[in-house]
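# Report on the structure
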Amino acid sequence: MTTKTVRRDHSFADTMTMLRRNITHAKRYPSMTFSIIIMPIVLLLVFNYVFGGALEKSSGGEYIDYLAPGMLLLLPAYMTVSVAVSIATDASKGIVNRFRVMAISQSSMLTGHVLGALIQAMAGITVMTGVALLIGFRPDADVVEWVAAFGLLALVTFAFVWLAIALGLLSPNAESASNAPFPIVMMPFLGSGLVATDTMPVGLRQFAEYQPFTPITETLRGLLMGTEIGVNGWVSLAWCAVIAGGGFLWSKSIFRKQTR
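What this report covers is the structure whose coordinates are included nearby. Everything quoted here is computed from the prediction, not taken from an experiment.

## Some remarks on the pattern of salt bridges
One pass over the structure, following the stated rule, counts one salt bridge. Note that Arg221 is salt-bridged to Glu218, the shortest N-O span being 2.8 Å. Within this pair, Arg221 and its partner Glu218 are both found in helix 12 (residues 213–225), separated by three residues, close to a single helical turn. Both residues of the pair, Arg221 and Glu218, belong to the buried class.

What follows is the structure, encoded as structure tokens:
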């Protein structure tokens with residue numbers, strides 16, 4: 001076995017160890033994870049039952065069928081807060097410096113956070129999908145389209161979690177980290193997730209049409225409800241690649257500077 005193979009094997013083992021650490025923390029301190037999962041579900045119920053009657057005309061059909069695909073994207077957006085706070089807490093408490101002097105892969109701490117957040121987000125998306133189905137969501141997707149929809153949601157989560165890691169590393173404490181992802185949290189509301197963009201004022205409509213969550217929402221809506229996807233699928237993948245790549249490189253750069 002070559003030295004390169006040994007290092008790769010150790011990196012994988014270290015990543016799995018960090019993943020178990022993050023899952024254990026989530027079990028011991030469930031309040032953050034619970035709020036991240038529950039809040040999008042509460043908002044789904046509020047928009048459907050409180051505003052649904054007024055907004056149904058703009059959706060062109062049952063409002064829950066229009067609303068649910070967009071609201072599923074709240075989980076990846078809200079997960080950025082949890083990840084940023086967790087990373088900032090590790091950094092402020094000296095955990096990063098402690099890992100630096102240990103014989104482990106230095107990047108395993110970051111990848112462990114990514115995998116842990118991905119597992120939590122997909123679990124929350126599954127629960128939220130179940131709630132949406134209970135209150136009337138009736139998608140017409142087949143198995144392949146469901147798999148593609150969940151794959152896209154996983155990719156979106158992966159991309160924004162890397163961006164959240166960079167924000168967490170830049171934050172001096174957990175309080176600052178909880179506020180840093182606020183623009184990301186707001187973006188699903190400022191796209192086509194709640195209402196069609198052509199009902200918005202001109203300036204807001206232009207922002208909504210060109211921000212990443214709108215093409216992702218339309219792609220999910222097309223996969224689950226059979227609406228036209230067009231170029232939105234390719235645009236969504238491009239946005240995910242850019243955000244994931246940028247977040248990854250930014251996180252690595254900050255992490256290296258902090259562990260020198």
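## Focus on the nonpolar core
Membership of the largest hydrophobic core comes to 69 residues, with the highest contact counts inside it found for Leu44, Met71, Val83 and Ile165. The set of elements that each furnish at least two residues to this core consists of helix 2 (30–49), helix 4 (63–71), helix 5 (74–92), helix 7 (108–134), helix 8 (143–170), helix 10 (182–186), helix 12 and helix 13 (232–258). Looking at this core, the element that brings in the most residues is helix 8, giving 14 residues. Excluding residues that lie within four positions of it along the chain, Met71 makes contacts with Pro40, Leu43, Leu44, Phe47, Met128 and Leu194.

## Remarks on empty space enclosed by the protein
Picture a little ball the size of a water molecule; that probe, rolled over the atoms, points out where space is still empty. The final tally for this structure, using the stated rule, is one cavity of 30 Å³ or more. Every residue lining the largest cavity is listed: Leu44, Ala68, Met71, Leu72, Met128, Thr129, Ala132 and Phe137. Listing elements by their share of the lining of the largest cavity, those giving two or more residues are helix 4 and helix 7. The leading source of residues in the lining of the largest cavity is helix 7, at three residues. Classifying every residue of the lining of the largest cavity gives seven nonpolar, one polar and no charged.

## Re the packing of helix 8 against helix 12
With their axes 8 Å apart at the nearest point, helix 8 and helix 12 run at an angle of 160 degrees to one another. With respect to each other, helix 8 and helix 12 are oriented roughly antiparallel. Crossing hand, helix 8 versus helix 12: left-handed. Along the contact surface, helix 8 presents Glu145, Trp146, Ala148, Ala149, Leu152, Leu153, Val156 and Phe160, while helix 12 presents Phe213, Ile216, Thr219, Leu220, Leu223 and Leu224. Of the residues belonging to the contact of helix 8 with helix 12, the class tally is 12 nonpolar, one polar and one charged.

How each quantity is defined
Residues numbered from 1 in each chain as written. Predicted model: local features only at pLDDT ≥ 70, side-chain atom pairs only at ≥ 80, totals over all residues. Heavy atoms only, no water. Salt bridge = Lys/Arg side-chain N within 4 Å of Asp/Glu carboxyl O. Helix = DSSP H or I, 4+ residues; strand = E, 2+ residues; numbered from the N terminus. Buried < 20%, exposed > 50% of the residue type's maximum accessible area, 1.4 Å probe, protein only. Core = buried A, V, L, I, M, F, W, Y, C linked by side-chain atoms within 4.5 Å. Contact = heavy atoms within 4.5 Å. 1 Å grid on protein atoms, 1.4 Å probe; cavity = no way out; pocket = protein on both sides within 12 Å on 5 of 7 lines; lining within 4 Å. Points joined across faces, edges and corners; volume = space filled by probe spheres on them. Nonpolar A, V, L, I, M, F, W, Y, C, P; charged D, E, K, R; others polar. Axes fitted to C-alpha atoms, helices over the stretch in contact; angles between N-to-C directions. Parallel < 35°, antiparallel > 145°, perpendicular 65-115°, else oblique. Left-handed = near helix turned anticlockwise from the far one by under 90°.

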